[in-house]
Amino acid sequence: MKLVVVGFGQCGGRIADEFARLNRRARGQRGIDIISGAFAVNTDIADLSGLTSIRPDYQHRILIGGRKTGGHGVGKINELGAEIAREDGDKVIDTVRAGKQFAEADAFLLIAGAAGGTGSGAIPVMTQYIKERYIDKPVYNLIVLPFEHEETTEERTVYNAATCLKSSYLVSDAVFLVDNQRYIMKDSPIKTNLAKINAMITEPFYNLLCAGEEKKHKYIGSKMLDAGDIIQTVAGWTVIGYGKSQIPFTKFLFVRTRDFRNKATEAQKGTQAMDSAISGLSLKCNPVDSKRALYLVSAPAKEMNMDLIKELGTYLKNLAPEAIIRSGDYPRERGSLDVTVILSELSDVEKVRNYFTKTISLISTLKKRLEGVERESKYRGIEVTLKDIPSLL
Ligand SMILES: Nc1nc2c(ncn2[C@@H]2O[C@H](COP(=O)(O)OP(=O)(O)OP(=O)(O)O)[C@@H](O)[C@H]2O)c(=O)[nH]1
Ligand SMILES: [Mg+2]
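Residues numbered from 1 in each chain as written. Chains lettered and ligands numbered in written order. Predicted model: local features only at pLDDT ≥ 70, side-chain atom pairs only at ≥ 80, totals over all residues. Heavy atoms only, no water.

Quick look at the pattern of salt bridges now. Overall, the coordinates contain 23 salt bridges when judged by the stated rule. In this structure, Glu213 engages Lys2 in a salt bridge whose closest nitrogen and oxygen atoms are separated by 3.5 Å. With Glu213 in the loop between helix 10 (204–211) and helix 11 (227–233) and Lys2 in the segment before strand 1 (3–8), this residue pair connects regions lying 211 residues apart in the sequence. On the basis of relative accessible area, Lys2 is assigned to the buried category, the value being 15%. The partner of Arg133 in a salt bridge is Asp94, with the nearest N and O atoms 3.9 Å apart. With Arg133 in helix 5 (residues 118–133) and Asp94 in helix 4 (residues 78–97), this residue pair connects regions lying 39 residues apart in the sequence. Exposure remark for Asp94: the relative accessible area of 37% places this residue in the partly exposed category. (Salt bridge = Lys/Arg side-chain N within 4 Å of Asp/Glu carboxyl O. Helix = DSSP H or I, 4+ residues; strand = E, 2+ residues; numbered from the N terminus. Buried < 20%, exposed > 50% of the residue type's maximum accessible area, 1.4 Å probe, protein only.)

Right under this line is the structure:
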């Protein structure tokens, strides 16, 4: 699958930059392209200058709102980010469309941090514009949720997150949710090393995007997972994860036997990789809430067989019994056994729901203060709370 990647604001721009690096790796290691254009859009000149892999010309690093902000960002006011996107949206679309490989793209991936101003405000507006113009390509959002400490220190954090998430959910084909806080816990010595976190955020997309682009016979699985499978799976609230098996390879070097012990270890390797993919999902959620899912197994061809794929299918079905599950295998020459998992069309995501309820109570507190009016509040699922979140559209 090939994506046109557009990052908004500092967070979005840096992650788009990371996707540009991922494409360079795919070219170098595998001779294929997975990104058909990487762009960064910002109100801040300095942030655009700090990128390294997105081409440094104005056709790839796009400054918007220059007149309004003087090139210095919108200072966390996401309504201003949305307004600027409405004004300069055509310029962004024309620039992206002029990219050489634009026609080859299967889908758009727009990226932003939910808690900032530029990215948070621009992503839903630009998603809506692109959807109106390109009905044949899905438009996905990848939205980064803030670190916990930002919620306590920055007043706008929760409000920005709630309005960005609601608006993006309404217009995009799917919202990939990524929780910054998860990556601190995952690899504690790095603390808040954003470059490292960004690499961890993009890593699960590598095999997933490469699998369907392979041309060489030996890398094409018995069940190839291509753009069609991904498009059929990805909808609404979505999370992604990636895990490796820790069981050493040497055990498997010469095993083409029918020994039941080898087979058992193979399955164990698979479930271990899937377990680590699920526990490393980009946002904590309950797999039971997922209505669509997919998994991709990447491993040396001799490590893989249909039994393993089937067994992993059963394993995931137990975790997500209501989900329609798609799957694929991706034979590699060397390396470990890796599993990529997507859980999609989630009916509930606690963290998102909490942003909505907190914002609703914030708004109602403000209202009460203004009007002295008592308002009852009782909220349950995301859908119930969604309607009360102000929209940026
Ligand atoms: N994972 C990750 N998160 C980031 C990065 N940069 C910023 N963030 C997060 O993004 C949020 C802030 O958004 P920014 O992208 O800095 O804001 P912006 O869109 O540039 O908007 P303004 O600066 O207000 O104009 C915070 O929650 C940060 O933790 C990054 O490189 N990686
Ligand atoms: Mg900024």
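Moving on from the coordinates now.
The predicted model of the chain has a mean per-residue pLDDT of 90, with 91% of residues at 70 or higher. Segment residues 251–255 is flagged for pLDDT under 50; beyond a separation of four residues in sequence, or across chains, it makes eight contacts in the model. Here residues 373–377 scores under 50 on pLDDT; set against residues more than four positions off or in separate chains, the count is four contacts. (pLDDT = per-residue confidence, 0-100. Contact = heavy atoms within 4.5 Å.)

As a further point, take the site of ligand 1. Taken together, 23 residues lie around ligand 1, and Cys11, Thr118, Gly119, Asn180 and Asn198 are the ones closest in. In the environment of ligand 1, an oxygen atom lies 2.9 Å from a nitrogen or oxygen atom belonging to the backbone of Gln10. Expressed as a share of its isolated accessible area of 640 Å², the protein-covered part of ligand 1 is 92%. (Near = heavy atom within 4 Å. Polar contact = N/O pair within 3.5 Å; in protein donor to acceptor, adjacent residues only side chain to side chain. Areas by Shrake-Rupley, 256 points an atom, 1.4 Å probe, with all protein chains shown as cover.)

Before going further, it helps to examine the side chain of Asp329. Residue position: Asp329 is located in strand 9 (residues 324–332). Among buried charged residues, Asp329 stands out as having no salt bridge; its nearest opposite-charge side chain is Lys223, 7.8 Å away. Here the side chain of Asp329 touches Ser222 through a polar contact of 3.1 Å, landing on its backbone nitrogen. A distance of 2.8 Å separates a polar atom in the side chain of Asp329 from the backbone nitrogen of Lys223. (Lys, Arg positive; Asp, Glu negative; His and termini not counted.)

Across the seven residues of strand 5 (residues 139–145), seven count as buried, placing the element largely inside the fold. In strand 5, alternate side chains face the same way, and those of Val139, Asn141, Ile143 and Leu145 on one face and Tyr140, Leu142 and Val144 on the other are all buried. A crossover connection joins strand 4 (residues 107–113) to the parallel strand 5 through helix 5; in handedness this β-α-β unit is right-handed. (Right-handed = clockwise from strand over helix to strand, strands pointing away.)

Moving on, we come to the packing of helix 1 (residues 9–30) against helix 9 (residues 194–202). Contact geometry of helix 1 with helix 9 gives a least axis separation of 9 Å together with a crossing angle of 60°. By the angle class used here, helix 1 and helix 9 are oblique. The two elements helix 1 and helix 9 meet at a crossing, and its hand is right-handed. For the pair helix 1 and helix 9, the contacting residues are Arg14, Ile15, Glu18, Phe19 and Leu22 in the first and Leu194, Ala195, Asn198, Ala199, Ile201 and Thr202 in the second. (Axes fitted to C-alpha atoms, helices over the stretch in contact; angles between N-to-C directions. Parallel < 35°, antiparallel > 145°, perpendicular 65-115°, else oblique. Left-handed = near helix turned anticlockwise from the far one by under 90°.)

We now examine helix 13 (residues 306–319). Think of an α-helix as turning once every 3.6 residues; residues three or four places apart then point the same way. In this model, helix 13 (14 residues) spans 20 Å end to end at C-alpha, consistent with the 20 Å of a helix rising 1.5 Å per residue. One side-chain oxygen at the N-terminal end of helix 13 lies 3.0 Å from the backbone nitrogen of Asp307; it belongs to Asn305. (Expected span 1.5 Å × (residues − 1).)

Each strand in a sheet pairs with its neighbour through backbone hydrogen bonds, running either in the same direction (parallel) or in the opposite one (antiparallel). Spatially, ten strands are ordered 3-2-1-4-5-6-7-10-8-9 in an open sheet, and the strand pairing comes out mixed. Edge positions in the open sheet fall to strand 3 (61–63) and strand 9, since each of these has one partner strand only. On average, each strand axis in the sheet is inclined to that of its neighbour by 20°, with strand direction left out of account. Looking at chain direction, strand 7 (residues 236–244) and strand 10 (residues 338–344) are connected through six bridges and run antiparallel. Of the residues in strand 10, the one forming a bridge with Lys244 is Asp338. (Pairing = 2+ DSSP bridges.)

Right, let's talk about the packing of aromatic side chains for a bit. Applying the stated criterion across every chain, the model contains seven aromatic pairs. The residue whose ring lies beneath Arg25 is Tyr206, and the NZ or CZ to ring-centre distance is 3.9 Å. (Phe/Tyr/Trp six-rings, centres within 6.5 Å; stacked < 30°, edge-to-face > 60°. Lys NZ or Arg CZ within 6 Å of the ring centre and 35° of its normal.)

So, on to the environment of Ile130. Structurally, the position occupied by Ile130 is in helix 5. Along the sequence, Ile130 and Gly89 sit 41 residues apart, while their C-alpha atoms lie 9.1 Å from each other. If we skip the residues at most four places from it in the chain, Ile130 touches Ile93, Phe108, Leu110 and Val139.

Linking two cysteines covalently through their sulfur atoms gives a disulfide. A full pass over the atoms with the stated rule returns zero disulfides. Not engaged in a disulfide, the cysteine Cys164 finds its nearest cysteine sulfur in Cys11; these two sulfurs lie 10 Å apart. Here Cys164 falls in the buried class, since its relative accessible area comes to 0%. For the unlinked cysteine Cys285, the closest cysteine sulfur is that of Cys164, found at 19 Å. (Disulfide = S-S within 2.5 Å.)

What follows is about the pairing of strand 9. Where strand 8 (residues 292–300) lies against strand 9, nine bridges are found, and the strand directions are parallel. Bridge pairing in strand 9 places Leu296 opposite Gly328. Between strand 8 and its parallel partner strand 9, the chain crosses via helix 13, and the hand of that crossover is right-handed.

Mapping Asn160 onto the fold places it in helix 7 (residues 156–171). Given a relative accessible area of 0%, Asn160 falls into the buried group. Sequence separation of Asn160 and Thr265 is 105 residues, and the distance between their C-alpha atoms is 47 Å. Beyond its immediate chain neighbours, meaning those up to four positions away, Asn160 contacts Lys76, Asn78, Ala114, Ala115, Gly116 and Ser120.

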